[in-house]
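A structural walkthrough
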Amino acid sequence: MAAHHLLLLALAVALLLPPSATADPDAVQDYCVPDAGARGRPLDPSLLPTYPCRNPSNLTASDFAFAGVRAAGNFSADTGFAGVSVTPAQFPALHTLGVSFARADLSAAGGVNPPHYHPRATETALVLAGRVYAGFVDSGGRLFAKVLEKGEVMVFPKAMVHFQMNVGDEPATVYGTFNSENPGIVRIPATVFGSGIKDGVLEKAFGLDPTELRRLEKRFGPPKTKLSEMED
């Protein structure tokens, strides 16, 4: 009887856990490098679960190595930030392994990775070069931030807003790892001011006048598209 009650309790807990409490699904094999050639066209990230795995006998060490983060990406003139994200779309061998990574470069004296969050992953950030002021804000509004030196690591919990800023005299490089093959990213400035949210909402929420709002929308997003049912 006791075992029966324990089983019912375990099932109840499992049913009550929200999807966000679990990580990527556990793999049922050592690895699964998707066979993009099976569809006769480039790998489509949205269709990854439908691709067959390549035959392990046809794989080599090169299939499990990636050279795409040896150099910085393209720098933004506005923020001095350059990012290279690596998910199975870029590195197919990551598929089903529940991990991904990124390289972030910050130009000297003020380069910044603006506030953002990853809805599906916790991030660990290792400073490879430079001095970086980094931190995150928890759901209670508390800021955890400090200057990281070369070789130091900081963790940004899943779905917490975080940022990095170069506070040194030389360019800085940060290597980030994620516990999801598809962590996602929501950039706060572009999401708020570049997604087409109704003007009245933003003006009241941030205390902006129309001129200030136009300036922010011009900087952080494309021309507004009217997808909402509430039109001006």
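All chains use their own residue numbering, which begins from 1 and follows the written sequence. Reporting of local features is limited, given that this is a predicted model, to residues whose pLDDT is at least 70; pairs of side-chain atoms are given and counted only at 80 or more, and all residues count toward the totals for whole chains, interfaces and linings. Calculated side-chain values reflect all of the structure's heavy atoms, with hydrogen atoms and water omitted.

**Considering the UniProt feature "binding site: Mn(2+)" (unreviewed entry) in the protein chain**
Residues annotated by UniProt as "binding site: Mn(2+)" (unreviewed entry) correspond here to His116, His118, Glu123 and His162. These annotated residues cover 47 residues of sequence, and their C-alpha atoms all fall within 11.8 Å of one another, placing them together at a single site. Secondary structure is summarised from DSSP: a helix means a run of H or I of at least four residues, a strand means a run of E of at least two, and numbering begins at the N terminus for each. Inspection of the secondary structure puts histidine 116 in strand β3 (residues 112-117). Throughout, exposure labels follow a simple rule: accessible area from a 1.4 Å probe, protein chains only, divided by the maximum for the residue type, with under 20% read as buried, over 50% as exposed, and the rest as partly exposed. Among the residues examined, histidine 116 registers a relative accessible area of 3% and is labelled buried. If near-sequence neighbours (up to four positions away) are discounted, histidine 116 is found in contact with Met160, Val161, His162, Ile185, Val186, Arg187 and Ile188. Pairs of N or O atoms within 3.5 Å make up the polar contacts considered here, provided that, within protein, one atom can donate a hydrogen while the other can accept it, and that residues adjacent in sequence are counted only when both atoms are side-chain atoms. From its side chain, histidine 116 meets the backbone oxygen of proline 114 in a polar contact 2.7 Å long. Structurally, the position occupied by histidine 118 is in the loop between β3 and β4 (123-129). A relative accessible area of 7% places histidine 118 in the buried class. Among all residues touching histidine 118, those that are not within four sequence positions of it are Glu123, Lys158, Ala159, His162, Phe178, Pro183, Gly184 and Ile185. Within the local environment of histidine 118, its side chain forms a polar contact with the side chain of glutamate 123, the two groups lying 3.2 Å apart. UniProt positions are given in the numbering used here, feature names are shortened, and annotations may be inferred rather than shown by experiment. Whether two residues are in contact is decided by their heavy atoms: any pair within 4.5 Å suffices.

**A few points about the state of the cysteines**
Working definition: a disulfide is two cysteine sulfur atoms within 2.5 Å of each other. One pass over the full model with this rule turns up 1 disulfide. Paired through a disulfide, cysteine 32 and cysteine 53 show a sulfur-sulfur distance of 2.0 Å. Linking cysteine 32 and cysteine 53, the disulfide has an S-S dihedral of approximately -100 degrees and is accordingly described as left-handed. Of the two residues, cysteine 32 is situated in the loop between α1 (2-16) and β1 (81-86) and cysteine 53 in the loop between α1 and β1; the sequence distance between them amounts to 21 residues. What makes cysteine 32 buried here is its relative accessible area of 4%. For cysteine 53, a relative accessible area of 33% puts it in the partly exposed group.

**A short note on the nonpolar core**
Ranked by internal contacts, the top residues of the largest apolar core, which has 14 residues, are Val132, Ala134, Met154, Phe156 and Val174. Within the residue set of this core, elements represented by two or more residues are β2 (100-106), β4, β5 (132-137), β7 (153-156) and β9 (172-178). When residues of this core are assigned to their parent elements, the largest contribution, 3 residues, is made by β5. Residues contacting methionine 154, with those up to four places away along its chain left out, are Glu123, Thr124, Ala125, Ala134, Gly135, Phe136, Phe144, Ala145 and Leu148. Throughout this description, the term nonpolar core refers to a set of buried Ala, Val, Leu, Ile, Met, Phe, Trp, Tyr and Cys residues connected via side-chain atoms within 4.5 Å. In this structure, Val84, Val86, Ala93 and Leu94 belong to the second largest nonpolar core, which totals 9 residues.

**Considerations on the packing of helix α3 (residues 199-206) against helix α4 (residues 210-220)**
The description of two packed helices rests on the angle between their axes and on the distance between the axes. Every axis in this analysis is a line fitted to C-alpha atoms, fitted for helices over the stretch in contact. Angles between the N-to-C directions lie between 0 and 180 degrees. Where α3 contacts α4, the axes come no closer than 10 Å and their chain directions differ by 110 degrees. When the axes of α3 and α4 are compared, the pair comes out roughly perpendicular. Note on element contacts: α4 touches α3 through Pro210, Leu213, Arg214 and Glu217, opposite Asp199, Leu202 and Glu203. Gly counts as polar in this scheme, as do all residues outside two lists: the nonpolar Ala, Val, Leu, Ile, Met, Phe, Trp, Tyr, Cys and Pro, and the charged Asp, Glu, Lys and Arg. In terms of residue class, the contact of α3 with α4 is made up of 3 nonpolar, no polar and 4 charged. We call two directions roughly parallel when the angle between them is under 35 degrees, roughly antiparallel when it is over 145, roughly perpendicular when it lies between 65 and 115, and oblique otherwise.

**Things to note about the side chain of histidine 162**
Looking at the secondary structure, you find histidine 162 in strand β8 (residues 161-166). At a separation of 3.4 Å, a polar atom in the side chain of histidine 162 contacts the side chain of histidine 118. Within the structure, the side chain of histidine 162 is placed 2.9 Å from the backbone oxygen of methionine 160, a separation counted as a polar contact. Once residues lying within four places of it in the same chain are set aside, the contact partners of histidine 162 are Pro114, Pro115, His116, Tyr117, His118, Glu123, Gly135, Phe136 and Phe156.

**Topic: the sheet that holds β1**
If you trace the 5 strands from one edge of the open sheet to the other, you get β1-β2-β9-β4-β7, paired in antiparallel fashion. The sheet is open, and its two edges are formed by β1 and β7, each paired on a single side. On average, each strand axis in the sheet is tilted by 20 degrees relative to the strand beside it, whichever way the strands run. Any two strands with at least two DSSP bridges between them are considered paired. Examined bridge by bridge, β1 and β2 share 6 bridges and lie antiparallel to one another. Residue valine 86 lies in a different strand from β2, and its bridge partner there is phenylalanine 101.

**Let's talk about the sheet that holds strand β6 (residues 143-148)**
The sheet built from 5 strands is open, its strands ordered β6-β5-β8-β3-β10 with antiparallel pairing. Each end of this open sheet is capped by a strand with a single partner; those strands are β6 and β10 (186-187). Of the strand pairs in this sheet, β3 and β10 are connected by 2 bridges, and their pairing is antiparallel. Opposite histidine 116, over in β10, you have arginine 187 as the bridge partner.

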